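# Structural features, examined
For reference, the chains in residue letters:
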Amino acid sequence: MENYQTIKTALKEHVATLWLTRPEVHNALNDIMIREITAFFTKIEGENAIRIVVIRGSGKSFCSGADLLWMKKSFTLSESENQRESQELSDMFRMIFNSSKTVIASIHGNVFGGGNGLVAVCDLAYCEANSKFALSETRIGMAAASITPYLLLKVHPSDLKELIFTARSFTGEEAFRYKLVNQSFATANEMELHLNEVISQLLSNGRNAIMESKKLINQLTEKLVAGNREQIPDLLARIRVSPEAQEGFSAFLEKRKPKW
């Protein structure tokens, strides 16, 4: 498959694996990674031989959310440039969510901020019990704008409010209780065995039947949150350049408490 800067892909029979390959920053999302993930899912949409995509993180973590050094650059961008980047992020999540493939997240290590969005837009998600999750945006004066519609399709609103408002960390076992993931496993080996079993079961079933089932389930559930989703890139672009977010970013990078 094609060469990318921030992701690596592999194909074995009907299963494509997408590795996030920025391990030095725990696979934090930046503009290049967002565009490359979108390009990958766009490319494979018409490839009928690919039925399943497994998303994994290289190194110690699945995905630690947005790259703060990249986000800090948003302070120097124009309104239209900020809008474009926010739209690209929303488009990436939507592309994965609407993919005709069955998309599975295989999770370990840290899953912060937008990394939870990657989990939420996948059809199935499995994690190691000691994985560390956090919806940490409010800690730096941001809102979980782009990922909230998809989180609401899995996590109960009252639970989601607590996790976003407090920005506290929670384990893989808790992520399972919140229904953010389908199952939590004590070891990586147990998770891998289960993942292989699920893939085998999926491949033994009708491809079109699974595709149409996914489309129907997504259409019926998405109606709950689709009405306001188009406004989210504008909201995210506005929040990114707010004084509170600028202070939050600066405090985090300078390793001090924010002044608010």
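The notes below deal with the structure included here.

Criteria and cut-off values
Residues numbered from 1 in each chain as written. Predicted model: local features only at pLDDT ≥ 70, side-chain atom pairs only at ≥ 80, totals over all residues. Heavy atoms only, no water. Helix = DSSP H or I, 4+ residues; strand = E, 2+ residues; numbered from the N terminus. Rg over C-alpha atoms; globule rule 2.2 N^0.38 Å. Buried < 20%, exposed > 50% of the residue type's maximum accessible area, 1.4 Å probe, protein only. Contact = heavy atoms within 4.5 Å. Lys, Arg positive; Asp, Glu negative; His and termini not counted. Charge placed at Lys NZ, Arg CZ, Asp CG, Glu CD. Pairing = 2+ DSSP bridges. Axes fitted to C-alpha atoms, helices over the stretch in contact; angles between N-to-C directions. Phe/Tyr/Trp six-rings, centres within 6.5 Å; stacked < 30°, edge-to-face > 60°. Core = buried A, V, L, I, M, F, W, Y, C linked by side-chain atoms within 4.5 Å. Expected span 1.5 Å × (residues − 1). Polar contact = N/O pair within 3.5 Å; in protein donor to acceptor, adjacent residues only side chain to side chain.

### Thoughts on the overall build of the protein chain
Within the protein chain, the secondary structure is distributed over 11 helices and 9 strands. Whereas a compact globule of 260 residues would reach a radius of gyration of roughly 18 Å, the protein chain reaches 18 Å, a difference of no more than 12%. Looking at the protein chain residue by residue over its 260 residues, the buried ones come to 51%. The long-range fraction of contacts in the protein chain, counting pairs at least 24 apart against all pairs at least 6 apart in sequence, stands at 73%. Computed over 31 positive and 30 negative side-chain charges, the separation of the two mean positions in the protein chain equals 2 Å.

### So, the sheet that holds strand 5 (residues 110–112)
Strand order across the open sheet formed by 3 strands is 5-7-8, with mixed pairing between neighbours. Edge strands, defined here as strands with exactly one partner in the open sheet, are strand 5 and strand 8 (169–171). The average angle at which neighbouring strand axes cross in this sheet is 20°, direction not considered. Pairing of strand 5 with strand 7 (residues 132–134), which is carried by 3 bridges, proceeds in the parallel orientation. Paired with Phe112 across the strands is Ala134, a residue of strand 7. Most of the contacts of helix 4 (residues 114–121) go to strand 5, to which it runs at about 95°, and overall it touches strand 5, strand 7 and strand 8.

### Some details on the packing of aromatic side chains
All chains considered together, the criterion is met by 6 aromatic pairs. With centroids separated by 6.4 Å and ring planes inclined at 50°, the aromatic side chains of Phe93 and Tyr150 adopt a geometry described as tilted. Placement of the pair is Phe93 in helix 3 (residues 79–97) and Tyr150 in helix 5 (residues 148–151), with a sequence separation of 57 residues. The burial state of Phe93 is the same as that of Tyr150; both residues are buried.

### Comments concerning the sheet that holds strand 6 (residues 124–128)
Strand order across the open sheet formed by 6 strands is 1-2-3-4-6-9, with mixed pairing between neighbours. A strand with exactly one partner marks an edge of an open sheet, and here the two such strands are strand 1 (7–12) and strand 9 (183–185). Sheet twist, expressed as the average angle between the axes of neighbouring strands with direction ignored, equals 20°. Bridge count for strand 2 (residues 15–20) against strand 3 (residues 52–57) is 6 bridges, and the pairing is parallel. The residue of strand 3 that forms the bridge with Thr17 is Val54.

### Notes on the nonpolar core
One finds Phe41, Val53, Ile107 and Leu180 to be the most contacted residues of the largest nonpolar core, which totals 59 residues. Considering each element in turn, this core owes the most residues, 6 residues, to helix 1 (residues 31–44). Once you skip the residues sitting within four places of it in the chain, Ile107 turns out to touch Phe62, Val119, Ala125, Tyr126, Cys127, Glu128, Ser131, Phe133, Val181 and Met191. In this structure, Val15, Tyr126, Met191 and Leu202 belong to the second largest nonpolar core, which totals 12 residues.

### Some thoughts on helix 1
Between its first and last C-alpha atoms helix 1 spans 20 Å; for 14 residues at 1.5 Å apiece the expected length is 20 Å, and the two agree. Buried residues of helix 1: Asp31, Met33, Ile34, Glu36, Ile37, Thr38, Phe40, Phe41 and Ile44, and no others. Near the N-terminus of helix 1, the side chain that reaches the backbone nitrogen of Ile32, with its oxygen 3.2 Å away, is that of Asn30.

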